Structure formats: structure tokens, C-alpha cells
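Residue-level listing of the chains:
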Amino acid sequence: FTEKVLKKGDFDRVIFENSVPVLLAMKNHKNAKKYDGKYYLHMHAVPRQYYGNKKQVQNVRKLITISDYVSKAITSDAKLKMSINQTVVMRNCIDHEKFYPLGQSVMKEIRQMLNISESKKIVMFVGRICADKGINELVDAFEKINREETVLVIIGANFYNSGIVSPFEEQLKERMKNIRDKVVFTGYVDYSIIPQYYSIADVVVLPSMWDEPAGMTILEAMACGKALITTDSGGIPEYVGNDNCIIVERDDNIVDKIAENLDKLLDNPSEIERLGKRAAIQISKYNRQYYYKQLIDILQQ
């Protein structure tokens, strides 16, 4: 279908969105010649393979990525002959009409729905329930701090709202038996109401254990004005900046580091407030207008 659209059309610019296989469309109907110097590839992650399209990747006008990390990872691949100068970073952005600090009435409603009293402090995780996202490390750290007044709220599922419960999720719940009275497991929550859930968190912990290309949940939590603990993962440090959240290294001591920082924050409401304000300011620049400007600047280069 794509190759036929390109053949029939006469486009000034073509952007292939986060898919290497779709570049097959350049191999037919002389599309490669027709759109030479006119097509881009926008990658949200590092591709694992190129499906016979290495030449088409190498010949892009620009490889657009979402972080310096992704640019460097792709161009350092020995299977490709690409220079870092062929890449340009277009930062992911947030819809600030949806993700922003919410008021007390919303917080009270969500607490009541989850049956969490207002006296409890809340540590929150949001994301897919899998090892890569660091939920194991967070559960271990939460158990380690052993605070009676604190609840761990885990928001997410194995695969969106499919209802599928993975063996990993089953094992995780089994591991949490000792702290089950301190954990609220919501399962899948529709994206449209995620900001309401963020509102009740005192601290959000997103300790990704793989190299996140950028990490949208990090941006969401910060846009909602939440104190954040995360990891030095992939492109995350590029987005969060300096002194706007707590970044821990992914090493053998990560559980202890998460626990130590959680303890410090939960004992220091003023630091939670300070980090939350700085987080919201940092992420405010990643808005829809900035996203549009980045794209236009790239296409006009």
C-alpha cells in the first residue's frame, strides 16, 4: 500500500514513522530514486534488525530520533554505515492540557476509590508489569523501608487492557505476600485518567532497568508535578536535566539506593514539594508547540 501511495503521489517530504520494514516501499516503482534526498526515518527506539533495508536507512535525508542515546546507539552499529551527523534529535513531548498538577478534590476522590486514607503516604509505580521496568527492584526497596504509614500503588498490566496475566506478574504478586496489606495493585488504567492517579502520589518511582529511549512515564510524572526517583537509563537523563529528580545508578546496590532515597524523601515533605515544582518546570518546555517547531525546523533544514 505505502509503495503505491508513494508512486502515485509527488511529495516534498516523506517521513517513515518508527518502522524499518516499511522502508521496503522505497525498493519498488523507482521510489528510491524519486524520493532521493526527500525521505526521513523517525525512530523511537533502537532497531534490532533492518529487514534487508540497511541501504534505505543509510540513505535517509535525516535519521530523526527521540534522544541522543538512540542516535548514538544506531550510528555505532557496525552493520550500518551512518555518521552521527546524519541524525537529528526531535524530543518527545507531553500534552500539558492533560498532564498537569491536579487539585485536592481529585486526589480525595481517587484515594477514596482505592480505599487509601488521607493519612497514608503513597509511593507510586506506573508502567508495564515486566522486569525491564524495575518493578522487582522497587518492591524490594519498598519492603526494605518497612514504613507503616506508606502504601505502594502499582498501576499497570502486562499488556494494556488485554486481561492477560503473565507468569512474571503472578510471581510478583506471590513475592508481595508479606507486604500485601501495604500494596494496591490497580491493574490496567485507561490512559485518559492516568493524570488523576498521579495526583495522589507523594513520590513516583520508575526505576527502569533497560536503556529507555526516552521514557514517557517519566515525563508524565514530572509534568504532574511529582517528586521522581528514576535511573540513569538510556535517554532519561537527557530529558530530566539536573536536580529536577533523583537519578540512581543501575548497579548491584540499586535496591539499597532506591530505599535510601525513598526514606529521605518521605521524611522530608519540603524536598518532595521542591522536586515536584522543579520537575513541572523542567517538563513544561516539552509541549505541543515545541514538538511542532522541532519538526518544522528539521524539514526546513
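Residues numbered from 1 in each chain as written. Predicted model: local features only at pLDDT ≥ 70, side-chain atom pairs only at ≥ 80, totals over all residues. Heavy atoms only, no water.

J.: Account for the sheet that holds strand S8 (residues 203-206), with residues named and values stated.
T.: Taken in spatial order, the six strands line up as S7-S6-S5-S8-S9-S10 in an open sheet, and their pairing is parallel. Two strands bound the open sheet, and with one partner strand each, they are strand S7 (183-187) and strand S10 (246-248). Pairs of neighbouring strands in the sheet enclose a mean axial angle of 20°, with direction left out of account. Here strand S5 (residues 121-126) pairs with S8 via two bridges, running parallel. (Pairing = 2+ DSSP bridges. Helix = DSSP H or I, 4+ residues; strand = E, 2+ residues; numbered from the N terminus. Axes fitted to C-alpha atoms, helices over the stretch in contact; angles between N-to-C directions.)

J.: Describe the pairing of S5, naming the residues involved and giving the relevant values.
T.: Among the six residues that make up S5, five are buried, leaving the element largely enclosed by the rest of the structure. Across six bridges, the pairing between S5 and strand S6 (residues 150-155) is parallel. Within S6, the residue paired with Val123 across the bridge is Leu152. Taken together, S5, helix H6 (residues 135-145) and S6 form a β-α-β motif whose crossover is right-handed. (Buried < 20%, exposed > 50% of the residue type's maximum accessible area, 1.4 Å probe, protein only. Right-handed = clockwise from strand over helix to strand, strands pointing away.)

J.: Talk me through the pairing of S8; I want residue IDs and the actual numbers.
T.: Covered by surrounding structure in S8 are Val203 and Val205 together with Val204 and Leu206, the residues of both alternating faces. Direction of pairing for S8 relative to strand S9 (residues 227-231): parallel, over a ladder of four bridges. Counterpart to Val205 in the pairing with S9 is Ile229.

J.: Residue-level account of unusual backbone geometry, with values.
T.: Leaving glycine out, the prevailing phi sign among residues is negative, and the prevailing peptide bond configuration is trans. Not every positive phi belongs to a glycine, and Lys30 is a case in point at roughly 60°. Its location among the elements puts Lys30 in the loop between strand S1 (14-17) and helix H2 (31-34). Despite not being glycine, Asp243 has its phi angle at roughly 60°, a positive value. Along the chain, the position of Asp243 falls in the loop between helix H10 (236-240) and S10.

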